[in-house]
Amino acid sequence: MATMESLIGLVNRIQRACTALGDYGAGDDALNSLWDALPSVVVVGGQSSGKSSVLESIVGRDFLPRGSGIVTRRPLVLQLHKTDGGEEYAEFGHIPRRRFTDFSLVRQEIQDETDRITGKSKQISPIPIHLSIYSPNVVNLTLIDLPGLTKVAVEGQPESIVEDIEKMVRAYVDKPNSIILAISPANQDIATSDAIKLAKEVDPSGERTFGVLTKLDLMDKGTNALDVLEGRAYRLQHPWVGIVNRSQADILKNTDMIYARRREQEYFYTSPDYGHLASKMGSVYLAKLLSQHLESVIKAKIPGIIALINKGIDEMEAELDRLGRPIAVDEGAKLYTILELCRAFDKIFKQHLDGGRPGGDRIYGVFDNQLPAALKKLPFDRHLSLPNVKKIVSESDGYQPHLIAPEQGYRRLIEGALNYFRGPAEASVDAVHFVLKELVRKSIGETEELRRFPILQSTLATAATEALEKFRVESKKTVSRLVEMESSYLTVDFFRQLPQEPDRLGPGPRPGPGPAPSPADRRNPPPPPSDRGNPSDPLGDRYGDSHFRRIGSNVSSYINMVSDTLRITIPKAVVLCQVKEARQNLLHYFYTQIGRKEGKQLGDLLDEDPSLMSKRQDIAKRLELYKAARDEIDAVAWVRS
């Protein structure tokens, strides 16, 4: 069977480790608090209830700061270790290698350590002080002394001090694993006790509460506290314990604590009121009672503590995997890590392009919606309007009118129209470039492994953006060449099918090239001179309006044919020059550059966000604590069936 010393000592060691890592319960950490799961005896009482005197009686030493107002301003975790003999000494958790044998120096250190956190003000702090006392005159026990409950703020204290103290005390007594030691003075009505009132709120059944009645020797003559001690005034699951503390005169005279204990026992055994209860009264009995109960609670709670520890280990291992493990220091490992991170990003980027993740469909939207809409909006109606056709054809003829077909006029009209295609072609390039940039940004954000390296994220984004810009430049050159190709060489077969003379079907333009003229058409004479335009026209029209409408219609048909061709070839060029290049060579130049960097430069790329590094270190330390706690528990010899 595990000894009481090993059980309580186990909890003591885990508590000290928790405090060293900043886990002292009542925090907002997403991970469960191991401190909150550990059973402990929490000492609660109002100011001047005799709380400090009870603790000193249990220890058998005068070691706590005294004074008026709030003296205890930080929780004091008092861990008592029974020794077989030898010198009594104390150790603090914040200076573990220093032993205090002079307990007046212990009092001073408590005060100094309190001031170190709270300053010389009368503020309070939830950060506990750990004090271990080793002595043959104590039992194995852990007590947590809290600031005394108060009703009003005194000079030098903030107005919120009353609420602050109650909030701190509640944070401890609310925990289901806490044992409440409620201290009340016997010379006051138990119904007004701050400690009992609070204990009743958080532990209405009284199964976690031990009641302690102090100052029995200071009650008015002819009165006693039997109604309370025998459980008639306020019943608890555990027996009430009466305490007779040292008087103020004894404290001033530095009366020996061991002598004070004997005198306390004499008081109860010789008291006509409390003699029948003497064996269950006094600080010595209280310490043994609490020690035995704490041991039984620890033994009952161990399975739950083990489950919490195992759950916490799993959660922290998973969180460390999510945050990423520490990076090796050698140059090769750093380069390998960077390349692996780049591959992870590249994989996600390709998934966006290929359809495994959303976003790549926006590129198809550019080709299927944006490009056709832009082509339809081109101002061909204005360019091929009758006045503009007349103007361009006439200017192309110069001083000699064309004889059969105005070839130069056709060419100028077509070349002028083809120039309009540059805008939609380059706009398609820019639209796809924007989509690719967005996919790069999105992919970097979705690469969880990269989140811990903001500098590498930024460098990777810059390299990818520069590569996309090169692809855009090349893509614009290619689509521009497509437009230039159409204007450089006109399709001859199309124009060979055009009629050589205007028909007489009316002045309206024909939609398209149409069939070759029939023999009957060729036999018809040309329109009368009156339909050839006005000789005084400043543009110098040499033919009638129907002739120029036919030219405009023919050019329009050719432009429509070219538009259909470019609608197919522009997406092909963009995909080849931008999308395919981005998919295959987005980080090609980056890989080339990264291979030339030295260890220091590689390390700079893997420099992490300080807050993330701090979080990983905290989790790693807490994980170490949980594993150590699990090993401690495994090392204790539990009861075996």
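As a convention, each chain's residues are numbered from 1 in the sequence order in which they are written. Residues qualify for local features only when their pLDDT is at least 70, as the model is predicted, and side-chain atom pairs are given and counted only at 80 or more; totals for whole chains, interfaces and linings, by contrast, use all residues. Side-chain metrics in this entry use all non-hydrogen atoms of the structure; hydrogen atoms and water are not considered.

Overview of the overall build of the protein chain
In terms of regular secondary structure, the protein chain is built from 23 helices and nine strands. Only protein chains enter the accessibility calculation, which uses a 1.4 Å probe; a residue is then buried when its area is under 20% of its type maximum, exposed when over 50%, and partly exposed in between. Within the protein chain, buried positions represent 47% of all 641 residues. Method for areas: the Shrake-Rupley scheme with a 1.4 Å probe, in which residue coverage is limited to the protein chains shown. About 32,300 Å² of surface is accessible on the protein chain, with carbon and sulfur atoms providing 51% of the total. The helix count covers DSSP runs of H or I at least four residues long, the strand count covers runs of E at least two residues long, and both are numbered beginning at the N terminus.

Side note on the confidence of the model for the protein chain
On average, residues of the protein chain carry a pLDDT of 83, and 86% of them reach 70 or more. Scored between 0 and 100, pLDDT is the confidence that the predictor attaches to each residue. Contacts are assigned to residue pairs that have any heavy atoms within 4.5 Å of one another. Between residues 27-31, whose pLDDT stays under 50, and residues either more than four places distant or in other chains, the model counts four contacts. Between residues 502-542, whose pLDDT stays under 50, and residues either more than four places distant or in other chains, the model counts 59 contacts.

Some points on unusual backbone geometry
The backbone phi angle of K215 is positive, close to 60°, even though this residue is not glycine. Examined against the element boundaries, K215 turns out to sit in the loop between β8 (209-214) and α7 (226-229).

A look at the packing of helix α10 (residues 283-323) against helix α23 (residues 610-635)
Contact geometry of α10 with α23 gives a least axis separation of 9 Å together with a crossing angle of 150°. Between α10 and α23, the interaxial angle falls into the category roughly antiparallel. Seen along the crossing, α10 lies across α23 with a hand that is left-handed. Class assignment of the residues belonging to the contact of α10 with α23 gives a composition of 16 nonpolar, two polar and eight charged. Comment: axis = line fitted to C-alpha atoms, over the contacting stretch for helices; angle = value between 0 and 180 degrees taken between N-to-C directions. The scheme is simple: roughly parallel for angles under 35 degrees, roughly antiparallel for over 145, roughly perpendicular for 65 to 115, oblique for anything else. Crossing handedness follows the turn of the near helix against the far one: under a right angle anticlockwise gives a left-handed crossing, and clockwise gives a right-handed one. Under the scheme applied, nonpolar residues are Ala, Val, Leu, Ile, Met, Phe, Trp, Tyr, Cys and Pro; charged residues are Asp, Glu, Lys and Arg; polar residues are all the others, including Gly.

Topic: the side chain of R616
For R616, the location among the structural elements is in helix α23. Every residue in contact with R616, bar those within four places of it in the chain, is listed here: L320, L323, G324, R325, P326, R452 and E608.

Considerations on the nonpolar core
Here is a general trend for soluble globular proteins: nonpolar side chains tend to be buried in one another's company. Think of a nonpolar core as a cluster: buried Ala, Val, Leu, Ile, Met, Phe, Trp, Tyr and Cys residues, connected wherever their side-chain atoms sit within 4.5 Å. With 100 residues, the main nonpolar core has L34, F63, L131, L143, L181 and L216 as its most contacted residues. Ignoring sequence-local partners within four residues, the contact set of L181 consists of V41, V42, V43, V44, L143, F210, V212, L286 and L290. Listed in part, the 66 residues of the second largest apolar core include I392, I559, V579 and L606.

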